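What follows is each chain in one-letter form.
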Amino acid sequence: QVQLVESGGGLVQAGGSLRLSCAASGRIVSISAMGWYRQAPGNERELVAGVTSGGMTNYADFVKGRFTISRDNAKNMVYLQMNSLKPEDTAVYYCAASGARIINARNAEYWGQGTQVTVSS
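Basis of the calculations
- Residues numbered from 1 in each chain as written.
- Predicted model: local features only at pLDDT ≥ 70, side-chain atom pairs only at ≥ 80, totals over all residues.
- Heavy atoms only, no water.
- Buried < 20%, exposed > 50% of the residue type's maximum accessible area, 1.4 Å probe, protein only.
- Helix = DSSP H or I, 4+ residues; strand = E, 2+ residues; numbered from the N terminus.
- Pairing = 2+ DSSP bridges.
- Salt bridge = Lys/Arg side-chain N within 4 Å of Asp/Glu carboxyl O.
- Core = buried A, V, L, I, M, F, W, Y, C linked by side-chain atoms within 4.5 Å.
- Contact = heavy atoms within 4.5 Å.
- Disulfide = S-S within 2.5 Å.

### Describing the pairing of strand β8 (residues 77-82)
Across a regular strand the side chains alternate sides, sitting on one face of the sheet and then on the other. Among the 6 residues that make up β8, 5 are buried, leaving the element largely enclosed by the rest of the structure. In terms of strand pairing, strand β3 (residues 18-26) meets β8 through 6 bridges, oriented antiparallel. What sits directly across from Leu18, in β8, is Met82. As paired elements, strand β7 (residues 67-72) and β8 share 6 bridges and run antiparallel to each other. The residue bridging Ser70 from the neighbouring strand is Tyr79, located in β8. In this structure, the hairpin formed by β7 and β8 is closed by a connection of 4 residues, where Asn76 is found at a positive phi of approximately 55 degrees.

Here's what the structure looks like:
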């Protein structure tokens, strides 16, 4: 099994920044791609960004140019730097991992418990 623990959520004003962190532990060898998803009330969970074990990244169109995902394989950590935050970014953000090379909207196998991000206008 793989355990994922997020940290770094909170309340921020529009235009501000937050950095989310995710620590992975357990059977690390079973995961390849990692990423961040989010879910706002009444909405489906959606992929925000993904990163392969080699550092290749992919982003949802609604965060391109504002969010940056990064990964430290030596520390089993993945990060999401969120800049220029908007009220519509308000959601619970989940760290996820997959045995697939590239994470997408459907292939996450392991999930963190989620961390709340609230952006006030």
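### As for the pattern of salt bridges
Under the criterion given, the structure shown has 4 salt bridges. Between Glu46 and Arg38 there is a salt bridge whose closest N-O contact spans 2.9 Å. With a shortest N-O distance of 2.7 Å, Arg66 and Asp89 are connected by a salt bridge. One end of the pair, Arg66, is in the loop between β6 (57-59) and β7; the other, Asp89, is in the loop between β8 and β9 (91-98), with 23 residues separating them in the sequence. Given a relative accessible area of 1%, Asp89 falls into the buried group. One network of salt bridges, in which partners are shared, links Arg38, Glu46, Arg66 and Asp89.

### Section: the nonpolar core
One recurring pattern in soluble globular proteins: nonpolar side chains tend to sit buried together. Ranked by internal contacts, the top residues of the largest apolar core, which has 29 residues, are Leu4, Met34, Trp36, Leu80, Met82 and Tyr93. When contributions to this core are tallied by element, the ones reaching two or more residues are β1 (2-7), β3, β4 (33-39), β5 (46-51), β7, β8, β9 and β11 (115-120). The contacts of Leu80, once residues within four sequence positions are left out, are Leu18, Arg19, Leu20, Trp36, Val48, Ala49, Phe67, Thr68, Ile69 and Tyr93. Counting 6 residues, the second-largest nonpolar core is a separate cluster that includes Ala33, Tyr37, Ala96 and Ile103.

### A look at the side chain of Arg66
In this structure Arg66 comes out as buried when scored by relative accessible area, which is 10%. Residues contacting Arg66, with those up to four places away along its chain left out, are Gln81, Met82, Asn83, Ser84, Leu85, Lys86 and Asp89.

### Observations concerning the state of the cysteines
The term disulfide refers to a covalent linkage connecting the sulfur atoms of a pair of cysteines. This model, assessed by the stated rule, comprises 1 disulfide. Sulfur-sulfur distance for the disulfide between Cys22 and Cys95 comes to 2.1 Å. Judged by the sign of its S-S torsion, about -80 degrees, the bond between Cys22 and Cys95 is left-handed. Taken together, the positions of Cys22 in strand β3 and Cys95 in strand β9 put the pair 73 residues apart, joining distant regions of the chain. Residue Cys22 shares its accessibility class with Cys95, and that shared class is buried.

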